[in-house]
Amino acid sequence: MSRLIILSNRVKMPDNTPMAGGLAVALQDILTGNAVVWMGWNGDIINSTDDCKTNDFSSHAIASTEMQGADSEVTYITTALTTRQYQHFYCGFANNVLWPLLHEQTDLVNQAPEDYVGYQAVNYMFAKQLQNIIRPDDVIWVHDYHFLSVAYYCRTLGINNRIGFFLHIPFAPLPFWQSLTQSPELIKHLAHYDVLGTQTQQDRAHCFAVFQHYLKDSLVEKSFSESPINILHPCQNFFRAHNNSGTQLMLNLDLRVSHHLTINAYPIGVNVEKIQQQVSHLFLPFTQYTQQNDTVKSATQRIIAADRIDYSKGLLERFSAYREFLQQYPVYQDQLQLLQIACPSRLDLSTYQSLHKSIRQAVNNINQHFLSSERPYESQTNAFKANGLETDGVAADAFTSDDLIKHWQAIAYSEKVLSHETVMAAFHHSDIGWVNSIKDGMNLVAKEYIAAQNPDNPGVLLLSRYAGAAEQMQAALIIDPHQPKSIIKGLKTALTMPLGERKSRYQVLLQGLQQNNLLAWQQSFLDDLYLEDSYDSKKYQTDSVSAAL
């Protein structure tokens, strides 16, 4: 039986422990009902200098019968990283080089000479483990920037199986790649995948241009082909989430003659039905008495923002614009509140330590500036409580106008990692969802916010033009986080938007989410990945592993 082998940096085990990152959570939602192996790092770090002898992989299989009554099994294969691997592969090249590069922040690129060597060594290590478990009919799906080179090493080890790669973050334009010394080799390694997926059409165009530049001597032919029919589930008619024409390149590579590479955009979605089920018990009958003329809204409203603390998310820009908004429109002081969920990450890196400190300071400064005379200000970093979603001890679904005046502070701030259901409840009870990304591959928070809304009284999505989600979600209020005036205008429009317009925008956005949901994303990518390729596997020219390294 053919298995789908998924490789991602982190693996989310089937427990109740919430995770801040969206990739692992999204992958967990698509595993049920398939014969799947999920491989990656378990999050542990081993203090050892001998990498080769300490990377033991453990396997844990869990049976599932949840999807259409069909038996299936998910096998989790994980390993710890050594201190050196963590430092050079994860902190070093992946997050100090590739992450800022792909988010177009070259001023933040910081590379030690041994980081790239460590990155390649870990890519080879996972390719070697794939060789140990691979079966002839298996298909491999590799995720994100941590593993640009895995397919190349798989080919050097003689793995002929189909291998796909999906990049969850942006694919930077050519000038940014040209600033990195290792780009020619990385792009050549990346070319050994059979399918390369990006989040947006813009990212696909950037990818195509980069491949044309670095592989011009290897390029035999390029073409645009129609997307295939659904061969995994031919009885199902999923909406194609990506553009019907994908770019195909035929390349002559060192290890593979006449290699066909498909490059396409596959915008990732969310599990709309699951989110709606999570918040269904929160729905309350809505009457239009609060908006008798469909134009006037109370100043007592809630804004929700949920981000991992990263310079790509535009948190400091958000706080600055929010402060300016409250100064420009004092009627909202003591009434409007921003609920900010901000999960710290990568605090081993100095850039993130500095950002974390700056964000905390900005929140404190704003809250002190708009200090309410009704209540002394107390600095807090866990205003939300997971059991019931509370803000300063006041349940989020129990806020009234009097409550907000009594307990008001400009920003209610929390660094607690909350369960998905708790965050969806916060989205449901908020009047505005605010995504302020400086650069984002997709940003699933934008989609989750819409999915969690009450159809009879939906909130408004304030969405950065630089988030990948903006390419699909034009019915949101699109803002420019680099322009405070754009944000302030968007906030004022959202806070005063009539019910009729809110419902109209919501319906358009929800329809798009339902068509381009998480399952459609998975299916559209796997349709392309499971296609029979035209190359003859016997044409492989497998070099020695030592030569490859």
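Look a little higher up for the structure.
Model, not experiment: these values are computed from the prediction. (Residues numbered from 1 in each chain as written. Predicted model: local features only at pLDDT ≥ 70, side-chain atom pairs only at ≥ 80, totals over all residues. Heavy atoms only, no water.)

With respect to the packing of helix H3 (residues 83-102) against helix H4 (residues 113-133)
Orientation of H3 relative to H4, taken along the N-to-C sense of each, is 110°, at an axis distance of 8 Å. Comparing their axes, H4 and H3 come out roughly perpendicular. For the pair H3 and H4, contact is made by Gln85, Gln87, His88, Phe89, Gly92, Phe93, Ala94 and Leu98 and by Glu114, Asp115, Tyr116, Gly118, Tyr119, Val122, Asn123 and Met125, respectively. When the residues that make up the contact of H3 with H4 are grouped by side-chain class, the tally is 8 nonpolar, 6 polar and 2 charged. (Axes fitted to C-alpha atoms, helices over the stretch in contact; angles between N-to-C directions. Helix = DSSP H or I, 4+ residues; strand = E, 2+ residues; numbered from the N terminus. Parallel < 35°, antiparallel > 145°, perpendicular 65-115°, else oblique. Contact = heavy atoms within 4.5 Å. Nonpolar A, V, L, I, M, F, W, Y, C, P; charged D, E, K, R; others polar.)

Considering the side chain of Thr79
Examined against the element boundaries, Thr79 turns out to sit in strand S4 (residues 72-82). On the accessibility criterion, Thr79 (1% relative accessible area) is buried. A distance of 3.1 Å separates a polar atom in the side chain of Thr79 from the backbone oxygen of Asp56. Not counting the four nearest positions on each side in its chain, Thr79 is found in contact with Gly40, Trp41, Asn42, Asn55, Asp56, Phe57, Met125 and Phe126. (Buried < 20%, exposed > 50% of the residue type's maximum accessible area, 1.4 Å probe, protein only. Polar contact = N/O pair within 3.5 Å; in protein donor to acceptor, adjacent residues only side chain to side chain.)

Overview of the nonpolar core
Trp177 and Phe211 are the most contacted members of the largest nonpolar core, which has 105 residues in total. Looking at which element gives the most residues to this core, the answer is H3, with 11 residues. Residue contacts for Phe211: discarding those within four places in its chain leaves Phe171, Ile187, Leu190, Ala191, Leu196, Lys216, Leu249, Leu261 and Ile263. Val11, Leu27, Trp38 and Leu463 belong to the second-largest nonpolar core, a separate cluster that totals 59 residues. (Core = buried A, V, L, I, M, F, W, Y, C linked by side-chain atoms within 4.5 Å.)

Observations concerning helix H15 (residues 484-496)
The end-to-end C-alpha separation of H15 is 18 Å, in line with the 18 Å expected for 13 residues at 1.5 Å each. Those residues of H15 that sit buried are Ile487, Ile488, Gly490, Leu491, Ala494 and Leu495. Taken down its axis, H15 places every buried residue within 160° of arc, on the same side. Of the exposed residues in H15, the ones pointing more than 90 degrees away from its buried face are Lys485 and Lys489. Taken together, the buried residues of H15 touch strand S11 (302-308), helix H10 (315-328), strand S17 (432-435), strand S18 (460-464) and strand S19 (477-479). (Expected span 1.5 Å × (residues − 1). Arc of directions from axis to C-beta.)

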